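# Per-entry structural report
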Amino acid sequence: MNKITVVSPANIAFIKYWGMKDKDLVLPNNDSYSMNLSHCVTEIVMERYENPEIKEVFIQEYTSNDYKKDNGQATEKVCVFYNRVKNFLGIKDDYGFRIYSKNSFPKKAGIASSASFFSGLALTFVTGFEKKLDTKQLSIVARLSGSGSASRSIPDGFVHWHKGTDSNSSFSESCAPPEHWELCDVVLIVSQTEKKVGSQEGHEGAWSSPLYAERLSGIEERVESVRKAIETKDVVQLGTTIEADTISMHAVMMTQKHPLFYWSHKTLSLLKKICVLRREGLPCYYTIDAGENVHVIVEKKQVKELVSYFARQGEVLDIILNSPCVGARQI
Ligand code: DP6
């Protein structure tokens, strides 16, 4: 038995991935941009065995101190992904594993826990097969987990996922290293309840929304706006664009054939407070993934003031302060 340990971050999407053109290859309908989150990470320890019969997964919940053996659901997904990695690498021999996974943040609550988990697992499995891939290839492997956003947790810092036209051209790359910009993502936790409908099911309904074509028609402009805002460290341009993209994605979600309302009244209340703070002169901007928790994007020079304000708000159970960080790493 040998041991492999990997740490991988979640990421917050500045331009969101919603809807895909190929479910098997996980090819998105649009490019997306993100930033890796320093304090929302998954640690994966894999014990690797010669005996391929051993395939077990143990998960430590955010609120617990112990690993619990998974009831089968996660293990099944992990095994499907293991086989995809094996096929991608063109390897015939199998190995066995016990995976121990723990998160520094609540899972399935709009903080990209599958991105951190599957990006970490991609690096873990590839290393388990005694292979090394470059960042581009590893981001493709992570994408093939089914959690497309996992591809964005492989490169460092600020990341661009190219939608591509086929599996090899749909990959993620860093557009700026973590130290490029002292930008923070302040995650306001309003609930740790796991969402009922996951993104992967949600993506399939995107085209059933009358607003989806409209979303896609404006997205290239927003992609370019975010690219430029990161390059020039323009928080007003970045913030204005990410808020527009958030609203556009949630409008699609809410108007799908089976509407998805990820927001709660607390989410909306916090959005309004962010807008008030901004009007009062604090440049902070919201973004929300598939969950009710709110991400606030703000430059480091204003983060203290922002955190001290939100720590006093009744909706907020907990705050996770993130800066940009490197992607998945073996430690
Ligand atoms: C709303 O299919 O990558 O977060 O179900 O968490 O694996 P998981 O997500 P994925 O979809 C991400 C959807 C999103 C937007 C984004 O991160 O781009």
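A few points on the structure. Please read these numbers as outputs of a predicted model, since none were measured by experiment.

Procedures and definitions
Residues numbered from 1 in each chain as written. Predicted model: local features only at pLDDT ≥ 70, side-chain atom pairs only at ≥ 80, totals over all residues. Heavy atoms only, no water. Helix = DSSP H or I, 4+ residues; strand = E, 2+ residues; numbered from the N terminus. 1 Å grid on protein atoms, 1.4 Å probe; cavity = no way out; pocket = protein on both sides within 12 Å on 5 of 7 lines; lining within 4 Å. Points joined across faces, edges and corners; volume = space filled by probe spheres on them. Nonpolar A, V, L, I, M, F, W, Y, C, P; charged D, E, K, R; others polar. Expected span 1.5 Å × (residues − 1). Buried < 20%, exposed > 50% of the residue type's maximum accessible area, 1.4 Å probe, protein only. Arc of directions from axis to C-beta. Contact = heavy atoms within 4.5 Å.

This paragraph deals with unusual backbone geometry. Of note in the backbone geometry, Val26 takes a positive phi value of approximately 55 degrees without being a glycine. Structurally, Val26 is set in the loop between strand E2 (20-22) and strand E3 (27-28). A positive phi angle is found at Glu130, which is not glycine, with a value near 60 degrees. With respect to the helices and strands, the residue Glu130 is situated in the loop between helix H2 (113-128) and helix H3 (135-143).

The subject of this paragraph is the layout of surface pockets. One number sums up the size of the second largest pocket: a volume of about 260 Å³. Around the second largest pocket, the lining comprises 15 residues; the ones closest to its centre are Leu123, Lys132, Leu133, Leu138 and Ala328. Where the lining of the second largest pocket is concerned, the elements lending two or more residues are H2, H3 and strand E14 (329-330). Taken together, the residues of the lining of the second largest pocket break down into seven nonpolar, three polar and five charged.

If you check helix H7 (residues 265-279), its first and last C-alpha atoms are 21 Å apart, about what 15 residues at 1.5 Å a residue would give, namely 21 Å. Those residues of H7 that sit buried are Thr267, Leu270, Leu271, Ile274 and Leu277. Angularly, the buried residues of H7 cover 120 degrees about the axis, an arc narrow enough to put them on a single face. Relative to its buried face, H7 has exposed residues pointing more than 90 degrees away, namely His265, Lys272 and Arg279. Along its buried surface, H7 packs onto strand E10 (183-189), helix H6 (235-254), strand E11 (284-287), strand E12 (294-299) and helix H8 (300-310).

The next thing to look at is the environment of Ala290. Here Ala290 shows up in the loop between E11 and E12. For the pair Ala290 and Tyr49, spaced 241 residues apart in sequence, the C-alpha separation works out to 36 Å.

Taken by themselves, the reported measurements are silent on function.
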